[in-house]
Each structure stands twice: as C-alpha cells, then as structure tokens.
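Read off the chains here:
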Amino acid sequence: DTEVTQTPKHLVMGMTNKKSLKCEQHMGHRAMYWYKQKAKKPPELMFVYSYEKLSINESVPSRFSPECPNSSLLNLHLHALQPEDSALYLCASSQDLRGQGRTGELFFGEGSRLTVL
Amino acid sequence: EDQVTQSPEALRLQEGESSSLNCSYTVSGLRGLFWYRQDPGKGPEFLFTLYSAGEEKEKERLKATLTKKESFLHITAPKPEDSATYLCAGYSGTYKYIFGTGTRLKVLA
C-alpha cells in the first residue's frame, strides 16, 4: 500500500469550475511534489515544497495554485482549466538526506485522474 | 543539459525469457539513480536506488546495476505480472529528478 494518499482518484470538471486535489503523507518527509503526467510520457515536475515553503515552480500557469498547509498535507487548487490540462496528477514526497550528501527516493501516490470538459 | 534516455521504448517477452532494460544518463554530479515500475493509470512504484558505479540491487526477479554512464534493469525469467512501464530517473540536485521516457514491458504467457 502506498504511504502517499491522494484524493480524489478521479475528477471531472468544466472549464469554469474550481476544484482541489489533496495529498497526505505521514512518513515525516519534508519535501513534497506535484507532477503532471500525460499518457505514455514521464512525470513532469510542476511544484516542489520544502519544509512547507515553495521551492520550485516550473513556470506553471496560474490556473494551478499549490498550497502546503503543514508538513503532511499538500493541495493543488484548480481554476479555469483548459481541456489540455486533462492528465494524471501525481503527488510525491521524499526524505531530506542533504546532510548525507545524497537524496532519497520519491514516493508517489496513486494519482488523481483529471478530465477537463 | 541533463538528460536520461531509456531503451528500448517497448519490449515484448515470452514468459521466462530474460532480458535487460537500458537507462543512459548524462546528469552532472549524479546524486542517485532511481528505478520505478508504473502500472497503467497508477503512480510510479519505487524499486531501487543506486548511488555509485558498480553498485547492484536485487529484488525478486529484478536486478539493477549502475556504471558511470548507464544503468541496467535485468529481468530474470519474467512472468506476466511483470508487465508494466519501467521508468528510471537521475537526481541532479535541488529537488530535480530527471525522468526517462520509460520502457513498456509486455510479458506473454
């Protein structure tokens, strides 16, 4: 069983809707990520939070708004999306091993399948 | 520019037919090479981490190896349940994991 939990598993929304994707982990990881994945493509990084602060925004359109309320939770707020935003949205977390000169593996959730009509 | 390339794109094997998947990387100051398995519509499942050339890791029918330029995922006597997409990723620092495009493996009974 994955230790990163994402809800909802499936979401269908219109272009004028506002919805949110949620992610939770209880592994004590201090880095949390949002990735977007299209069919037969690798995951594409969107945002990274490190110690609850936004560290990376890969030039993602403002219709995607991330939020990290605490060290266990990560949200992705969606507004005025386009049909091309339909994809599998993956949340991941990793352990901070920078003090050991290396990095930990990413642990992914099962993903939220988003369809924009 | 940091890059990870996987080959072949797709692979069909008969059950029991061993093979290897390749992951070539050019990642400056590589700080970890990761292998994942991904089933359709699901998130990637972590398999292995390799940190230095010469390192090997094994799990059931899978064995991952690392050289200074590439990594291999060896699959010994595969079963149909090993069918999945296998992704490798190199870590370049500052939370950037560089993913390859994956190898889609199909094992026929």
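Anything mentioned here points back to the structure above.
Values in this document were obtained by computation on a predicted structure and should not be read as measured data.

How each quantity is defined
- Residues numbered from 1 in each chain as written.
- Chains lettered and ligands numbered in written order.
- Predicted model: local features only at pLDDT ≥ 70, side-chain atom pairs only at ≥ 80, totals over all residues.
- Heavy atoms only, no water.
- Contact = heavy atoms within 4.5 Å.
- Buried area = accessible area lost by both parts, 1.4 Å probe.
- Salt bridge = Lys/Arg side-chain N within 4 Å of Asp/Glu carboxyl O.
- Helix = DSSP H or I, 4+ residues; strand = E, 2+ residues; numbered from the N terminus.
- Nonpolar A, V, L, I, M, F, W, Y, C, P; charged D, E, K, R; others polar.
- Phe/Tyr/Trp six-rings, centres within 6.5 Å; stacked < 30°, edge-to-face > 60°.
- Buried < 20%, exposed > 50% of the residue type's maximum accessible area, 1.4 Å probe, protein only.
- Pairing = 2+ DSSP bridges.
- 1 Å grid on protein atoms, 1.4 Å probe; cavity = no way out; pocket = protein on both sides within 12 Å on 5 of 7 lines; lining within 4 Å.
- Points joined across faces, edges and corners; volume = space filled by probe spheres on them.
- Axes fitted to C-alpha atoms, helices over the stretch in contact; angles between N-to-C directions.

What follows deals with the interface of chain A and chain B. Each partner contributes residues to the interface: chain A has 27 residues there, and chain B has 21 residues. Taken together, the two surfaces of chain A and chain B that pack against each other cover about 1900 Å², and 60% of this comes from carbon and sulfur. A salt bridge links Lys42 of chain B to Glu110 of chain A; the shortest N-O distance between them is 3.9 Å. For the side of chain A that touches chain B, the element with the most residues is strand 4 (residues 31-37) of chain A, which contributes 4 residues. Of the residues belonging to the side of chain A that touches chain B, the class tally is 13 nonpolar, 7 polar and 7 charged.

All chains considered together, the criterion is met by 13 aromatic pairs over all chains. For the ring pair Tyr36 of chain B and Phe46 of chain B, a centre distance of 5.9 Å and an interplane angle of 70° mean the geometry is edge-to-face. You can see Tyr36 of chain B sitting in strand 4 (residues 33-38) and its partner Phe46 of chain B sitting in strand 5 (residues 45-50), a full 10 residues away along the chain. Through pairs of rings, three or more aromatic residues link up here, namely Tyr33, Tyr35, Phe107 and Phe108 of chain A together with Phe34, Tyr36, Phe46, Tyr91, Tyr95, Tyr97 and Phe99 of chain B.

We now examine the pairing of strand 9 (residues 87-94) of chain A. Residues and elements named next belong to chain A. Counting buried positions over the 8 residues of strand 9 gives 8, a clear majority of the element. Where strand 4 and strand 9 come together, 7 bridges link them in antiparallel fashion. Residue pairing in the sheet places Tyr35 in a bridge with Leu90 of strand 9. As paired strands, strand 9 and strand 11 (residues 112-116) are joined by 3 bridges and run antiparallel to one another. The residue bridging Ala87 from the neighbouring strand is Leu114, located in strand 11.

Let us look at empty space enclosed by the protein. Residue and element names in this part refer to chain A. Enumeration according to the criterion identifies 1 cavity of 30 Å³ or more in this entry. By volume, the largest cavity is sized at about 40 Å³. Among the secondary structure elements, those contributing two or more residues to the lining of the largest cavity are strand 4 and strand 7 (64-70).

Let us look at the sheet that holds strand 3 (residues 18-25) of chain A. All names here are of chain A. Taken in spatial order, the 4 strands of this open sheet run 1-3-8-7, and their pairing is antiparallel. The open sheet is flanked by strand 1 (4-7) and strand 7, the only strands paired with a single partner. Sheet twist, expressed as the mean angle between neighbouring strand axes with direction ignored, is 20°. Sheet topology places strand 3 next to strand 8 (residues 73-79); 7 bridges connect them, and they run antiparallel. Bridge pairing in strand 8 links Leu21 to Leu76.

Applying the stated rule across the entire model yields 8 salt bridges over all chains. With a closest N to O distance of 3.6 Å, Glu55 of chain B and Lys57 of chain B form a salt bridge.

In this section: the layout of surface pockets. Taken as a whole, the largest pocket holds about 440 Å³ of empty space. Every residue lining the largest pocket is counted, 21 residues in all, and those nearest its centre are Ala39, Lys40 and Lys41 of chain A together with Thr85 and Arg104 of chain B. Contributions of two or more residues to the lining of the largest pocket are made by strand 9 (84-93) and strand 11 (103-108) of chain B. Here the lining of the largest pocket is built from residues that sort into 7 nonpolar, 6 polar and 8 charged.

Residues and elements named next belong to chain A. Relative to the elements of secondary structure, Lys22 occurs in strand 3. Sequence separation of Lys22 and Pro8 is 14 residues, and the distance between their C-alpha atoms is 7.3 Å. Apart from the residues within four sequence positions on either side, Lys22 is in contact with Thr5, Gln6, Thr7, Trp34, Leu74 and Asn75.

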